[in-house]
Amino acid sequence: MEQPAYQVALKEAAQILGRSDVELDRLMTPDRIIQADIAIQLDSGETAIFSALRVQHNAARGPYKGGIRFHPQVDVEEVKTLSSLMTWKCAVANIPFGGGKGGVKVDPKKLSPLELERLARGYVQAFVKHIGPNQDVPAPDVNTNEQTMAWMMDEYSRIKGHQMHDFVTGKPVALFGSKGREMATSLGGKFILDLMIDHLQITKRPIQVAIQGLGNVGGGLAKLLSLDPRYKLVAVSDSQGGSYCPTGLEVSEVLAHKQTNGSLAGFPYSHDITNAELLELDVDVLVPAALEEQITSSNAEHIKAKLILELANNPISASGDAILNSRGISVVPDILANAGGVTVSYFEWVQNREGWYWEEGEVNGRLQKLMLEAGQQIIKIADEKKVSLRVAAFLLSLERVDRAMRLRGKLVGRN
Ligand code: GLU
């Protein structure tokens, strides 16, 4: 794995703020790494064991917060990086949470729904001492969804002996998840995309967009773009490959094809392309919305987009980021671009604790306010300090986390 871009940006931000290496180390090191083996019974009657993790990075500003992913590539380094990103993301959005992340090393496509349910419940059983609404609040991530959260909430409530809606976020609305949560990451990203298009004074219409990844987040953005005549979606992909049509893809047909066939392969009125080809298309905006490390030193020279919106977590390596910066390509970092999901997770937690529920318009309005505040502050810092948007985002979030640490007496010394 190449060095993640956030580590270099965080270091640059710490230097600008005059923080020592020891202080930076303190802010980068997770509070706790918890590992467990989860044994579940398969439908065949055999037992399977899956290794699972929860990394709790920093709780200076509030309970640890972050998703749980089910993926064959889950490992400690990956989850450590992702938990750290959650700390900085929650601070960028200015919500009262720290950062955490969980994962299970598993290929969920190989499990039946009943086996997935046992795994979700097994995860809660394994980590129950360390997670909870005031301690560490899980949410969906790659390959987990509102059904996974419903099982987890039920299991936690069963163990505790009373109902605890506020244990996880990203639950189904029918189980008192928040209205607007499912589209929140995509909608937050769209608010930031619009802001950046105005800021960069991109006047070309329509703006051509390519999206890598057609999961909840990438698919959600595709839908939002299809409702806005300023944009034209020209390419999309899933884990097996993608479709490209320079004159524009019909989003509803793409999503229906994927739904019916399980993949994009063979989608008519377009060329089949690989994921690697999608990244290098001549488009205005590129949106990585899949997994980590998609743009690295090996392809950053070939990227043609003017603006990259990181809806995935950690999609660009440090060396890839340096090349993009030197080529003048604007990159909106993940901790801003995809902060909409955790922001509405916060709204869900608030609603669960109050037992009082908001209309979707209210959720989206509050989301827009927080996203634009964060985006405008980051653009201002980047302009004033002459740094990339990523470094500016870390200047904003590091300052907030650092202050909370000092006020709690967890970092001592200069102010
Ligand atoms: N998994 C999402 C993220 O990476 C959402 C986390 C949350 O809502 O806690 O931002």
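Remember, predicted model here, so these are calculated numbers, not experimental data. (Residues numbered from 1 in each chain as written. Predicted model: local features only at pLDDT ≥ 70, side-chain atom pairs only at ≥ 80, totals over all residues. Heavy atoms only, no water.)

1. As for helix α4 (residues 113–127)
Inclusion rule: In this description a helix means any DSSP run of H or I spanning at least four residues, a strand means any run of E spanning at least two, and both kinds are numbered starting from the N terminus. Helix span is expected to be 1.5 Å times the residue number reduced by one. Think of it in three bands: residues with accessible area under 20% of the maximum for their type are buried, residues over 50% are exposed, and the middle band is partly exposed, with areas taken using a 1.4 Å probe on protein chains only. Throughout, a residue-residue contact means that at least one pair of heavy atoms, one from each residue, lies within 4.5 Å.
Between its first and last C-alpha, α4 extends 21 Å over 15 residues, near the 21 Å set by a 1.5 Å rise per residue. All buried positions along α4 are accounted for by Glu115, Leu116, Leu119, Ala120, Arg121, Gly122, Tyr123, Val124 and Phe127. Buried residues along α4 sit in contact with β1 (32–41), β2 (47–58), β3 (64–71), β4 (99–105) and α5 (146–160).

2. Overview of the packing of aromatic side chains
Rules: Aromatic pairing here means that ring centres of Phe, Tyr or Trp (its six-membered ring) are within 6.5 Å. Orientation follows from the plane angle: under 30 degrees is stacked, over 60 is edge-to-face, and everything else is tilted.
Per the counting criterion, the structure on display carries 11 aromatic pairs. Here the aromatic rings of Tyr156 and Phe167 are separated by 3.9 Å at their centres, their planes lie at 5 degrees, and the arrangement is stacked. With a gap of 11 residues between them, Tyr156 in helix α5 and Phe167 in the loop between α5 and α6 (181–199) connect regions that are remote in the sequence. Using a relative accessible area of 0% as the deciding quantity, one classes Phe167 as buried.

3. Description of the site of the ligand
This is how it is decided: Any residue with a non-hydrogen atom lying within 4 Å of a molecule or strand is treated as near it. Here a polar contact is taken to be a pair of N or O atoms separated by no more than 3.5 Å, where protein atoms must pair a possible hydrogen donor with a possible acceptor and residues adjacent in sequence count only if both atoms sit in side chains. Note that accessible areas follow from Shrake-Rupley with a 1.4 Å probe, and for residues the cover is restricted to the protein chains shown. Residues were grouped as follows: Ala, Val, Leu, Ile, Met, Phe, Trp, Tyr, Cys and Pro as nonpolar; Asp, Glu, Lys and Arg as charged; and all remaining residues, including Gly, as polar.
Close contacts around the ligand come from 14 residues, with Lys65, Lys89, Pro140, Asp141 and Ser345 the closest. Between an oxygen atom of the ligand and a side-chain N or O atom of Arg181, the distance comes to 3.1 Å. Asn313 places a polar side-chain atom, nitrogen or oxygen, 3.0 Å from an oxygen atom of the ligand. Starting from 290 Å² of accessible surface for the ligand in isolation, the protein chains cover 93%. Elements supplying a minimum of two residues to the shell around the ligand: β3, α3 (76–93), β5 (136–140) and α12 (339–354). Looking at the shell around the ligand residue by residue, the classes come out as four nonpolar, five polar and five charged.

4. Looking at helix α2 (residues 21–28)
The condition is simple: As used here, the arc is the angular range of directions from the helix axis to the C-beta atoms.
Along α2, the residues that are buried comprise Glu23, Leu24 and Leu27. All buried residues of α2 fall inside an arc of 100 degrees around its axis, so they share one side. Exposed and facing more than 90 degrees away from the buried side of α2 are Asp21 and Val22.

5. A closer look at unusual backbone geometry
In the segment running from Arg205 into Pro206, the intervening peptide bond is cis, with an omega of -10 degrees. By secondary structure assignment, the location of Pro206 is in the loop between α6 and β6 (207–212). Even without a glycine there, the phi angle at Asn143 is positive, about 65 degrees. Topologically, Asn143 is positioned in the loop between β5 and α5.

6. As for the UniProt feature "binding site: NAD(+)" (unreviewed entry) in the protein
Heads up, the condition is: UniProt positions are given in the numbering used here, feature names are shortened, and annotations may be inferred rather than shown by experiment.
On the UniProt side, "binding site: NAD(+)" (unreviewed entry) is annotated at positions that read Thr185 and Asn216 here. Taken along the chain, the residues just named run across 32 residues; in space they keep tight, none of their C-alpha pairs more than 8.7 Å apart. Examined against the element boundaries, Asn216 turns out to sit in helix α7 (residues 216–226). For Asn216, a relative accessible area of 42% gives the class partly exposed. Each residue touching Asn216, except ones within four places of it in the same chain, is listed here: Glu182 and Ser186. A distance of 3.3 Å separates the side chain of Asn216 from the backbone oxygen of Glu182, its partner in a polar contact.

7. With respect to the sheet that holds β5
Definition in use: Pairs of strands are assigned from DSSP output, requiring at least two bridges between the strands. Here, axes are lines fitted to C-alpha atoms. For helices the fit covers the stretch in contact, and angles between N-to-C directions go from 0 to 180 degrees.
Taken together, five strands build an open sheet; the order of strands is β1-β2-β4-β3-β5 and the sheet is mixed. Either end of the sheet is taken by a strand with one partner, and the two such strands are β1 and β5. Ignoring which end each strand starts from, the neighbouring axes of this sheet average 25 degrees apart. Pairing geometry for β3 and β4, over four bridges, is parallel. The residue of β4 that forms the bridge with Phe70 is Val104.

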